[in-house]
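Coordinate analysis (summary)
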Amino acid sequence: HSYFHQRSPPCGLLAPRTMVCWTKVATPCLPFAYRSVGASTSRRYGLIPQLVTPKVKVLSMSSSTPTTAASTNDSDASVQPLMELASAHFASQSLHAFVKLGIPNVIGAGCMSVPQIVEAVESQVDADSRPRRIQINKDGLLRIMRLLATVGILHEQNHTDMNGGPYFGLTSTGALLQTNIPGQQSLAPVVFHWMEKPLWNAWAELPDYVAGIGSNVQDKGTNALPFERANGLSSDEYYCSENAESLQHANDFVRYISSGEEQAVLTGYDWASLSGKTVLDIGGHQGKIMELIAKQYPDIKCMCFDLPEVISNAVAPEAVELVGGDIFDGNLPPCDAIFMKHFLDRCMWNEEQAVKILQSCHDALPSNGQLIIAEAVLPDDAENATGTNRLHLFIDVLFLLVGRDAARTESQWTMLVEKAGLKIDRITATASPSCYMIVLSKDAY
């Protein structure tokens, strides 16, 4: 769509943002095309072990001498966090099995024993009203559910009841995995997409990819991506071929992320401050974001700028003006503020092109105009990152599997915009990890 497909090679269906982490509460992450999500939701959608960083004695930045724990106590305190980190996939695949059986829907708001759950699941019918031909391993189910109770998905009750206990109920986090709750978006697609074999197997190829050894996929040699090594195809080729179920999971995941990003944009900036002014969305395709803003802030004049061939086939949303053109021609219409969402992703433009885009925006804005960018921002200091900053470091490695370029750090954003005569006024985290709000203004100097 739009500039994304006109000017750049495919980035993979996983493109924009996706997160893979665990804590006692969960958080999502990422879509394709250049629209995506992001903010302080690291405790809402994903399970990220809250690990204690081992205290070690740093000898030298250049020393090859092994670093050891400062004391026996430090060493002992480091063992469990390291073990939990290395075993995090135990919980993630247990979650996959739990969701794949549809157990969150079965439990609902109730509390059930494993025998009750097994009876309910085995009596279900498929989409064609035929009985599901499965025979659940009760011992296996009990064990994965007890593990999920340790990571905040389930409550465990009456564990000493010998008449079928223990009993399990969904926590508020586990409830987000239900797919039958009106008005609630389910995180089940996140689990399906991340945990199914195409992506899961790609993780096993990561060590050889980083080491620069291994396979030759279509003569790419050691440059073959982890996803390509695992599946014999790029992520684009795989999801767009005959893998209908995987494509469905990917699309459901993208819809989930995109919806979260839309809300992040609406709440992550003070749009009321632009009342009576004109906002231009560059690369906004058919004007979806501007439509949402126009409905909530009718005093703002909303415009959407995209390639002529995109605009000519689009139906303008109510209260949104569609304008065709090419940003590299420097013919942007007059406006008071410019908005861009994932339009400056590195998979779309090189740095020189990105600077030219920003210069076009600079020239189109009045002296007091603002450029509002919805993008991911990686932390400069990974070790001390918190919240969605930390979460996106997980997602960044997920993108590595499919060949997506890393998001920029805060300092890289600063250097980029300064080349176009702009400055960063503020960077605000939103409820979506891939969608920080970066507000720029013209540099007076």
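Now for a quick tour of the structure. As a convention, each chain's residues are numbered from 1 in the sequence order in which they are written. Only residues with pLDDT of 70 or above have their local features reported here, since the model is predicted, and side-chain atom pairs are shown and tallied only from 80 upward, although totals for entire chains, interfaces and linings are computed over all residues. Computation of side-chain values: all heavy atoms of the structure, hydrogens and water removed.

**Let's talk about the overall build of the protein**
The following threshold applies: A helix here means a DSSP run of H or I that spans at least four residues, while a strand means a run of E at least two residues long, and both kinds are numbered starting from the N terminus. Accessible area is worked out with a 1.4 Å probe on protein chains only. A residue is then buried under 20% of its type maximum, exposed over 50%, and partly exposed in between.
The helix and strand inventory of the protein stands at 17 helices and ten strands. Evaluated residue by residue, the protein yields a buried proportion of 49% over its 445 residues.

**Some words on the packing of helix 8 (residues 197-204) against helix 16 (residues 387-402)**
Two packed helices can be described by the angle between their axes and the distance between those axes. The condition is simple: Note on geometry: axes are lines fitted to C-alpha atoms, helical ones only across the stretch in contact, with angles between N-to-C directions running from 0 to 180 degrees. Oblique is the label for every angle not falling under 35 degrees (roughly parallel), over 145 degrees (roughly antiparallel), or within 65 to 115 degrees (roughly perpendicular). The contact criterion used throughout is that any non-hydrogen atoms of two residues lie within 4.5 Å. Three classes are used: nonpolar for Ala, Val, Leu, Ile, Met, Phe, Trp, Tyr, Cys and Pro, charged for Asp, Glu, Lys and Arg, and polar for all others, with Gly counted as polar.
Where helix 8 meets helix 16, the axes come as close as 10 Å, and the angle between the chain directions of the two elements is 95°. Compared by their axis directions, helix 8 and helix 16 come out roughly perpendicular. On helix 16, the residues that touch Leu-199, Ala-202 and Trp-203 of helix 8 are Val-397, Leu-398, Leu-401 and Val-402. Residues that form the contact of helix 8 with helix 16 fall into these classes: seven nonpolar, no polar and no charged.

**Topic: the nonpolar core**
As a reminder of what qualifies: The term nonpolar core refers to a set of buried residues drawn from Ala, Val, Leu, Ile, Met, Phe, Trp, Tyr and Cys, joined through side-chain atoms within 4.5 Å.
Ranked by internal contacts, the top residues of the largest apolar core, which has 44 residues, are Phe-98, Ile-107, Leu-141, Met-145 and Leu-154. If one sorts the elements of this core by residue count, helix 7 (residues 188-195) sits on top with six residues. Residues in contact with Leu-141, not counting those within four places in the same chain, are Ile-103, Val-114, Ile-117, Val-118 and Ile-136. Core analysis: the second largest hydrophobic core is formed by 33 residues, Leu-280, Ile-282, Ile-338 and Leu-422 among them.

**Brief notes about the pattern of salt bridges**
Heads up, the condition is: Basic side-chain nitrogens of Lys or Arg form a salt bridge, by our definition, when they fall within 4 Å of a carboxyl oxygen of Asp or Glu.
In this structure the tally under the stated criterion is ten salt bridges. In this structure, the salt-bridge partner of Asp-139 is Arg-143, at a minimum N-O distance of 2.8 Å. Of this pair, Asp-139 and Arg-143 both sit in helix 6 (residues 138-150), four residues apart, which is roughly one turn of that helix. According to the relative accessible area criterion, Asp-139 is partly exposed, its value standing at 44%. With a relative accessible area of 57%, Arg-143 lands in the exposed category.

**A few points about the packing of helix 7 against helix 8**
Orientation of helix 7 relative to helix 8, taken along the N-to-C sense of each, is 50°, at an axis distance of 5 Å. As the angle between them shows, helix 7 and helix 8 are arranged oblique. Every residue of helix 8 that contacts helix 7 at His-193, Trp-194 and Met-195 is listed here: Lys-197, Leu-199 and Trp-200. Looking at the contact of helix 7 with helix 8 residue by residue, the class counts come to four nonpolar, one polar and one charged.

**Focus: the packing of aromatic side chains**
The cut-off we apply is this: Under the pairing criterion, centres of Phe, Tyr and Trp rings, with the six-membered ring standing for Trp, must be within 6.5 Å; the plane angle then separates stacked pairs below 30 degrees from edge-to-face pairs above 60, leaving the rest tilted.
Taken as a whole and assessed by the stated rule, the structure comprises eight aromatic pairs. An angle of 65° between the planes, with centres 4.8 Å apart, marks the rings of Tyr-269 and Trp-271 as edge-to-face. Overall, the relative accessible area of 6% leaves Tyr-269 in the buried class. Residues Trp-271 and Phe-339 carry aromatic rings whose centres are separated by 5.9 Å and whose planes lie at 70° to one another, so their mutual orientation is edge-to-face.

**Regarding the sheet that holds strand 9 (residues 422-428)**
Note on sheets: strands pair through backbone hydrogen bonds, and any given pair is parallel or antiparallel. As a reminder of what qualifies: Following DSSP output, two strands are said to pair if at least two bridges run between them.
The seven strands lie next to each other as 6-5-4-7-8-10-9, forming an open sheet whose pairing is mixed. For this open sheet the edge positions go to strand 6 (320-324) and strand 9, each flanked by a neighbour on one side alone. Pairs of neighbouring strands in the sheet enclose a mean axial angle of 25°, with direction left out of account. Where strand 4 (residues 278-282) lies against strand 7 (residues 337-341), three bridges are found, and the strand directions are parallel. Bridge pairing links Val-279 to Ala-337 in strand 7.

**A closer look at unusual backbone geometry**
Despite not being glycine, Ala-319 has its phi angle at roughly 70°, a positive value. You can see Ala-319 is positioned in the loop between helix 14 (308-311) and strand 6. Its relative accessible area of 56% is what places Ala-319 among the exposed residues. One non-glycine residue, His-342, lies in positive phi territory at about 55°. Within the secondary structure layout, His-342 lies in the loop between strand 7 and helix 15 (351-364). Given a relative accessible area of 0%, His-342 falls into the buried group.

**Some remarks on the sheet that holds strand 2 (residues 154-157)**
Spatially, three strands are ordered 1-3-2 in an open sheet, and the strand pairing comes out antiparallel. Of all the strands in the sheet, just strand 1 (112-113) and strand 2 have a single pairing partner and so form its edges. In the sheet, strand 1 pairs with strand 3 (residues 167-170) via two bridges, with the strands oriented antiparallel. Bridge pairing in strand 3 places Met-112 opposite Phe-168.

**Comments concerning the environment of Tyr-209**
Here Tyr-209 lies in helix 9 (residues 206-211). Between the C-alpha atom of Tyr-209 and that of Leu-225, which follows or precedes it by 16 residues, the distance is 6.8 Å. What Tyr-209 contacts, discounting residues up to four positions off in sequence, is Thr-222, Asn-223, Ala-224, Leu-225, Pro-226, Arg-229 and Leu-400.

**Quick look at the pairing of strand 3**
Burial along strand 3 is two-sided: the face carrying Tyr-167 and Gly-169 and the face carrying Phe-168 and Leu-170 are both buried. As paired strands, strand 2 and strand 3 are joined by four bridges and run antiparallel to one another. For Glu-156, the partnering residue across the bridge sits in strand 3 and is Phe-168.

**Quick look at helix 3 (residues 88-100)**
For clarity, the threshold we go by: Given a helix with a known number of residues, its expected span is that number minus one, times 1.5 Å.
The end-to-end C-alpha distance of helix 3 is 19 Å, a good match for the 18 Å that 13 residues give at a rise of 1.5 Å each. Looking at helix 3, one finds that the buried residues are Ala-88, Ala-91, Ser-92, Ser-94, Leu-95, His-96, Phe-98 and Val-99. Positioned one or two residues after helix 3, Gly-102 has a phi angle of 75°, which is positive.

**Quick word on the side chain of Glu-228**
Its location among the elements puts Glu-228 in helix 10 (residues 226-231). Residue classification places Glu-228 among the buried residues on the basis of a relative accessible area of 4%. Not counting residues within four places of it along the chain, the set of residues in contact with Glu-228 comprises Val-217, Lys-220, Leu-233 and Ser-234.

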